[in-house]
Amino acid sequence: MRVIAVANQKGGCGKTTTAINLTASLAFLHKKVLLIDLDPQGHSTCGLGIQAEGLAKTAYDLFHRNGHQTSISDIVVSVEQDLHLIPSHVVLSAAEQELAGADGRERRLIEQLDQLPQPYDYVVIDCPPNLGLLTYNALRASDEVMIPIEPSFFSLHGLAKIFETLDRIKREFNKTFKIHALLTRYEKRTKLTREIEEEVRRHFNDQLFSSYIRENVRLREAAAAGKSIVKFDRNSTGFQDYMSLAIEMIERGMVRHERIIDISEVEPIPAAATSAADEALSVLGLSFEHEDASPQAEEESTNIAVASEPQMPAVSPAITIEPPVSLAPHPVLGGVLFSFRSDQANEVMVAGDFNRWIAEPLVKVDSESNLWQKIVPVDPGTYRYKFLVDGEWVRDPSNISEVPTSYGGSNSVIEIQ
Ligand SMILES: Nc1ncnc2c1ncn2[C@@H]1O[C@H](COP(=O)(O)OP(=O)(O)O)[C@@H](O)[C@H]1O
Ligand SMILES: [Mg+2]
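None of the values given here were measured: they were computed from a predicted structure.

Trainee: Would you mind showing me how to read the confidence of the model for the chain here?
Mentor: When pLDDT is averaged along the chain, the result is 79, and 80% of the positions lie at 70 or above. Predicted confidence is poor over residues 255-325, with pLDDT under 50, and the contacts of this stretch with residues over four places away or in other chains come to 92 contacts.

Trainee: Looking at this structure, I do not really get the site of ligand 1. What am I missing?
Mentor: Residues in contact with ligand 1 amount to 17 residues; listed here are only the nearest, Gly14, Lys15, Thr16, Thr17 and Arg220. Going through the elements one at a time, helix H1 (15-28) and helix H9 (217-224) are the ones with two or more residues in the shell around ligand 1. Taken together, the residues of the shell around ligand 1 sort by class into five nonpolar, eight polar and four charged.

Trainee: Help me understand the pairing of strand S6 (residues 144-149), please; the structure alone is not making it clear to me.
Mentor: Every other side chain in a regular strand lies on the same face of the sheet, so the side chains alternate between the two faces. Along S6, five of the six residues are buried, which leaves the element largely enclosed by surrounding structure. Sheet analysis places strand S1 (residues 2-6) next to S6, joined by three bridges and oriented parallel. What sits directly across from isoleucine 4, in S6, is glutamate 144. As defined by bridge partners, S6 adjoins strand S7 (residues 178-183) across six bridges and the pair is classed as parallel. Bridging across to S7, isoleucine 149 finds its partner in leucine 183.

Trainee: Teacher, can you tell me more about the sheet that holds S1 here?
Mentor: Sheets are built from strands that pair by backbone hydrogen bonding, the pairs being arranged parallel or antiparallel. Spatially, the seven strands line up as an open sheet ordered S3-S4-S2-S5-S1-S6-S7, and their pairing is mixed. If you trace the sheet from one side to the other, it starts and ends with strand S3 (77-80) and S7, each paired once. Between one strand axis and the next, the sheet turns through 25 degrees on average, direction left out of account. Bridge count for S1 against strand S5 (residues 122-126) is five bridges, and the pairing is parallel. Across the sheet, alanine 5 pairs through a bridge with isoleucine 125, a residue of S5. Contacts from H1 reach S1, strand S2 (33-37), S3, strand S4 (83-86), S5, S6 and S7 within the one sheet, and its direction differs from that of S5 by about 165 degrees.

Trainee: What should I look at first to understand the nonpolar core in this one?
Mentor: Side chains of a nonpolar character, in soluble globular proteins, are inclined to be buried together. If you look at the biggest cluster of nonpolar residues, it comprises 99 residues, and the most contacted ones within it are Val124 and Ala138. With seven residues, H1 is the single largest residue contributor to this core. In contact with valine 124, not counting residues within four places along its chain, are Ile4, Val6, Ala19, Leu22, Thr23, Val33 and Leu35.

What counts as what
Note that residues are indexed from 1 along each chain, following the sequence as it is written. Both sets of labels track the order of writing: A upward for chains, 1 upward for ligands. pLDDT decides what is reported in this predicted model: residues at 70 or higher carry local features, side-chain atom pairs at 80 or more are listed and counted, and totals for whole chains, interfaces and linings draw on all residues regardless. Every residue gets a pLDDT, meaning the predictor's confidence in that residue, from 0 to 100. Contacts here follow a simple rule: the backbone-placed C-beta atoms of the two residues must lie within 7 Å. Each residue receives a C-beta atom placed from its backbone. It is near a molecule or strand if this atom lies within 6 Å of it. Only DSSP runs of H or I covering at least 4 residues are called helices, and only runs of E covering at least 2 are called strands; the numbering of each starts at the N terminus. Classification convention: Asp, Glu, Lys, Arg as charged; Ala, Val, Leu, Ile, Met, Phe, Trp, Tyr, Cys, Pro as nonpolar; all other residues, Gly among them, as polar. Residues with at least 20 neighbouring C-beta atoms inside 10 Å of their own are called buried, those with 12 or fewer are called exposed, and the rest are partly exposed, where every C-beta is derived from the backbone. Any two strands are treated as partners once DSSP identifies two or more bridges connecting them. Axis definition: a line fit to C-alpha positions, over the contact stretch in the case of helices; interaxial angles, taken between N-to-C directions, run 0 to 180 degrees. The term nonpolar core refers to a group of buried residues, namely Ala, Val, Leu, Ile, Met, Phe, Trp, Tyr and Cys, whose C-beta atoms join them within 7 Å.

So this is what it looks like as structure tokens:
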């Protein structure tokens, strides 16, 4: 079970939008997911169409003094089959005062998570926009922290504070965090956004997701309609971006848990890059300590390996090249033609390394033969891919070349000369 806190004390940077749509995308990929809304404003709760007013128990019951009498499973609401929610109500704002001075007040959530009867693949915690007791509880219970960053000039300002908090928790409880940074609300590539992106990348290195979330009005509309983007609009860039993020999140976990990292593969961080980041951050009035205990130093050393290039399983040794059969993908004018035949499917999509695993819909070109097709622009290279047929990932039945994934399945493979 991976426990991920979505935290940044800056409001409006996309924490809630990310918590809702990352969890919904993971559930769409058949992961079992629990979203915990720890913000008394309850935006994740209403963003998933749940009315907290009518509920007997909410996140508040995890925290108040008699919290141990409430079983966490009594609070969980099923939003859909693989997506569950611990909803929040405005009374949660009272928890901080009520717990002041109470023993183990920052351990409440982690103790409750230990009691979870249901094995979840992912627990994602949407934190409030401050670093108070609720966020402290979330960080204490998490192994990973996702920091959404909106690329505005002030976006880097708040980061020093959250690192201070992580540092304190690390020292107090002798634990480490895996940090993920995510660029959200990304608008046009202007000189300023490029500079900020560079800055974030210099600081976070491979902790920064390659996926980023573009500004997309459909994400706002989905929240207003009480739906995740998965339910609201699968043709939106918001859906593509959050699917891409979910896949990257899964892959980061695979590396972390399954790949034995040979330390000789780890590239040291060039000293110049670190000092350039420090220099730029000091221009913004920030500084990061470089002692052993500093979050930056520790996270860098763990995460370079975690998220560096070799995270993908090597493709080349497993490829078997066979003469193409008629429906196998092949180069045509404008890209590669993907084809899929099905008399039952309502929706067929293709996703692979060539489109950052952002599923693109095929069009039903021939209803008699039930043929779905799509031309995807693809540069020469070797790529893994799969079809997404009514929400189910399937290998290409027309292509016998495949490569195992590190979690037991396999992907189809094409090589484009
Ligand atoms: N990628 C995006 N595109 C468009 N609107 C967004 C995007 N991300 C967030 N928003 C909107 O911005 C506002 C703040 O986002 P939210 O996720 O609630 O931030 P936080 O939880 O950090 O305060 C909300 O109205 C939300 O719908
Ligand atoms: Mg929020």
